[in-house]
Amino acid sequence: MTRAISLRDVTKIYPRDVVAVNRLSLDIAPGEFLVLLGPSGCGKTTVLRMIAGLEDITSGELLLDGELANGIPPGQRGLAMVFQHYALYPNMTGEQNMSFPLKIESPGRDTTAQVRETARLLGIEELLDRFPAQLSGGERQRVAMGRAIVRRPSAFLLDEPLSNLDAKLRTRLRAEIATLTRHLGVTTVYVTHDQAEAMSLGDRVAVLRDGVIQQVSAAREVYQRPENVFVAAFVGTPRINLLRATVHAPLDGRLNIDFGTQRIQLPQPLSPDHQMLRVQMGREITVGLRSEAARIAGPQEMRPTEALLNGVVQHVEFQGHESLVHVSTGARPARVEGLESPRPPTRGGSRAARRARGANPLRQLVGRVLGRPAADQEPAEPPAEGQQHPGQPPAPTAAGRISDGLVVRTGADVHPRLGERVPLLIDLDQMYVFDEDGRRICPAPLRPDRARP
Ligand SMILES: Nc1ncnc2c1ncn2[C@@H]1O[C@H](COP(=O)(O)OP(=O)(O)OP(=O)(O)O)[C@@H](O)[C@H]1O
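Conventions we followed
Residues numbered from 1 in each chain as written. Predicted model: local features only at pLDDT ≥ 70, side-chain atom pairs only at ≥ 80, totals over all residues. Heavy atoms only, no water. Buried < 20%, exposed > 50% of the residue type's maximum accessible area, 1.4 Å probe, protein only. Helix = DSSP H or I, 4+ residues; strand = E, 2+ residues; numbered from the N terminus. Pairing = 2+ DSSP bridges. Axes fitted to C-alpha atoms, helices over the stretch in contact; angles between N-to-C directions. 1 Å grid on protein atoms, 1.4 Å probe; cavity = no way out; pocket = protein on both sides within 12 Å on 5 of 7 lines; lining within 4 Å. Points joined across faces, edges and corners; volume = space filled by probe spheres on them. Parallel < 35°, antiparallel > 145°, perpendicular 65-115°, else oblique. Left-handed = near helix turned anticlockwise from the far one by under 90°. Contact = heavy atoms within 4.5 Å. Nonpolar A, V, L, I, M, F, W, Y, C, P; charged D, E, K, R; others polar.

Peer 1: Honestly, helix 1 (residues 44-52) in this entry has me stumped. Any pointers?
Peer 2: One turn of the α-helix equals 3.6 residues, which is why residues spaced by three or four share an orientation. For helix 1, the tally of buried residues reaches 7 of 9 residues, placing the bulk of the element in the interior. Along helix 1, the residues that are buried comprise K44, T46, V47, L48, M50, I51 and A52.

Peer 1: Quick question: what am I supposed to make of the pairing of strand 11 (residues 241-248) here?
Peer 2: Sheet faces and side chains relate simply in a regular strand, where the side chains alternate between the two faces. Here 6 bridges tie strand 11 to strand 14 (residues 284-289), and the two strands are oriented antiparallel to one another. Across the sheet, residue L243 finds its bridge partner in strand 14, namely V287.

Peer 1: Looking at this model, I keep getting lost on the sheet that holds strand 9 (residues 204-209). Mind explaining?
Peer 2: Sheet strands line up and pair through hydrogen bonds in the backbone, either parallel or antiparallel. Spatial strand order, 6-7-8-3-9-10: 6 strands in an open sheet with mixed pairing. A strand with exactly one partner marks an edge of an open sheet, and here the two such strands are strand 6 (79-82) and strand 10 (212-217). Averaged over all pairs of adjacent strands, the angle between strand axes in this sheet comes to 15°, irrespective of strand direction. Summarising the sheet, strand 7 (residues 155-159) and strand 8 (residues 187-192) pair through 5 bridges and their orientation is parallel. In the sheet register, F156 faces strand 8, and the bridge partner there is T188.

Peer 1: Any chance you could explain the layout of surface pockets here in plain terms?
Peer 2: To find the voids left in a structure, one rolls a probe of water-molecule size over its atoms. By volume, the second largest pocket amounts to about 580 Å³. Lining of the second largest pocket is provided by 21 residues; of these, L79, A80, M81, F83 and R151 occupy positions nearest its centre. At the level of elements, strand 6, helix 2 (94-105) and helix 4 (137-149) are the ones that each hand at least two residues to the lining of the second largest pocket. Here the element with the most residues in the lining of the second largest pocket is strand 6; it accounts for 4 residues.

Peer 1: How should I be thinking about the packing of helix 3 (residues 112-122) against helix 4 in this particular structure?
Peer 2: For any two helices packed against each other, the geometry comes down to the angle between their axes and how far apart the axes lie. Packing of helix 3 against helix 4 brings their axes to within 10 Å, and their N-to-C directions diverge by 130°. In terms of orientation, helix 3 lies oblique with respect to helix 4. The crossing of helix 3 and helix 4 is right-handed. Only R142, M145, G146 and I149 of helix 4 make contact with helix 3, whose side of the interface consists of T118, L121 and L122. For the contact of helix 3 with helix 4, a count of residues per class yields 4 nonpolar, 2 polar and 1 charged.

Peer 1: Is there a simple way to think about the sheet that holds strand 17 (residues 322-328) in this case?
Peer 2: One open sheet accounts for 5 strands, arranged 15-19-16-17-18; its pairing is antiparallel. The strands lining the two open edges of the sheet, one partner per strand, are strand 15 (294-296) and strand 18 (406-411). The sheet shows a mean angle of 50° between the axes of neighbouring strands, direction not considered. Here strand 17 pairs with strand 18 via 6 bridges, running antiparallel. Directly across from V325, in strand 18, lies its bridge partner V408.

Below, the structure is given as structure tokens:
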């Protein structure tokens with residue numbers, strides 16, 4: 001059995017007026033794999049706990065298969081939740097841990113066959129006799145999954161189940177989870193703050209910010225058609241380049257986008273999307289360029305849909321199969337609020353905030369080298385990624401990159417020198433423009449016929 005889960009206008013307010021979830025509406029179809037994605041503290045776990053019945057809903061409705069479920073006790077919802085921490089009973093073997101929920105349901109029942117069948121499905125038969133202390137992290141999480149699915153729940157609620165595992169194991173286990181839940185055909189809600197994980201897992205991804213849904217779409221759509229600047233910035237590695245600019249539309253000249261020190265002219269006749277920019281004339285906009293939207297090449301190679309900028313090579317990240325070249329263009333980077341939680345910490349704050357507060361020797365070292373305060377001494381409002389304090393060297397980005405300009409993806413065979421001035425060809429078909437409120441205006445919204453391949 002699998003079920004539909006709907007949230008209608010759901011709000012959760014914790015004590016001290018912490019609004020964790022704000023008028024959230026979401027319909028999850030039976031058998032769907034939906035990922036809840038967002039920065040730390042945006043309310044993902046709260047949504048999951050409200051679905052599970054572990055947290056009261058302040059206002060709004062939760063429907064399970066169309067039936068109002070706000071008041072149904074957790075044990076009667078037929079849902080299984082798997083947490084980041086494995087939460088296995090240390091004094092029970094794998095088999096005993098897995099059979100525990102069945103024994104609670106019907107004491108005295110012989111659970112051997114059901115547990116063995118579930119273990120076979122997960123490939124963990126040989127772990128059944130071991131105690132949690134005799135299992136690796138990945139094995140423990142498999143047993144925890146086994147315990148969740150042994151009852152054949154009608155939906156899985158997974159709260160960052162892989163975040164305690166190393167990168168390699170995470171990749172393998174997430175493929176296993178995707179295969180397993182599809183095989184079982186069970187509705188799955190999967191919480192993560194890892195956008196790469198979200199992109200690779202879900203049928204659909206719901207992006208959350210400060211308790212408010214920003215976009216719910218297929219992963220590809222979230223990447224290619226971000227509805228606002230927050231989604232554009234949160235999804236994608238390396239992070240999208242966001243530059244502040246203004247639109248100029250002289251009566252006797254061509255529409256152009258002014259980055260302060262450089263301009264790009266838009267090709268004539270204007271495309272329907274670029275025509276939309278006329279209404280922004282004189283206003284500040286944010287231009288979004290993913291690293292694949294620009295290439296290092298001279299004007300002689302320019303295609304009709306490209307425009308020319310130039311800049312100075314600041315830094316090159318060699319990645320084996322490609323390089324990421326950081327090019328300073330003189331444009332001002334745009335700041336995006338809330339990429340990491342700006343909320344005042346309560347309950348010890350969010351997990352990432354708690355992690356960040358712990359002394360991190362690497363960040364402290366970076367801080368010392370760059371003459372900036374270490375993470376645990378940072379001011380309350382650190383500059384956003386790509387932003388720089390005046391007169392200071394480029395700030396390290398969340399991924400540890402150093403950049404105040406455009407990050408451009410190149411083939412590994414391109415070897416620009418540090419300090420070299422290079423021409424950049426900007427693919428205008430891959431250029432996003434966001435208005436002052438951060439809404440995407442270009443490519444124009446609601447034009448699915450123009451989706452990129
Ligand atoms: N029991 C609680 N009492 C008060 N505030 C809470 C409680 N639980 C969560 N919060 C607050 O609600 C907000 C959302 O928390 P939640 O744990 O849902 O976020 P999250 O997106 O899952 O974060 P993380 O990825 O760090 O776990 C945060 O500001 C958090 O501090």
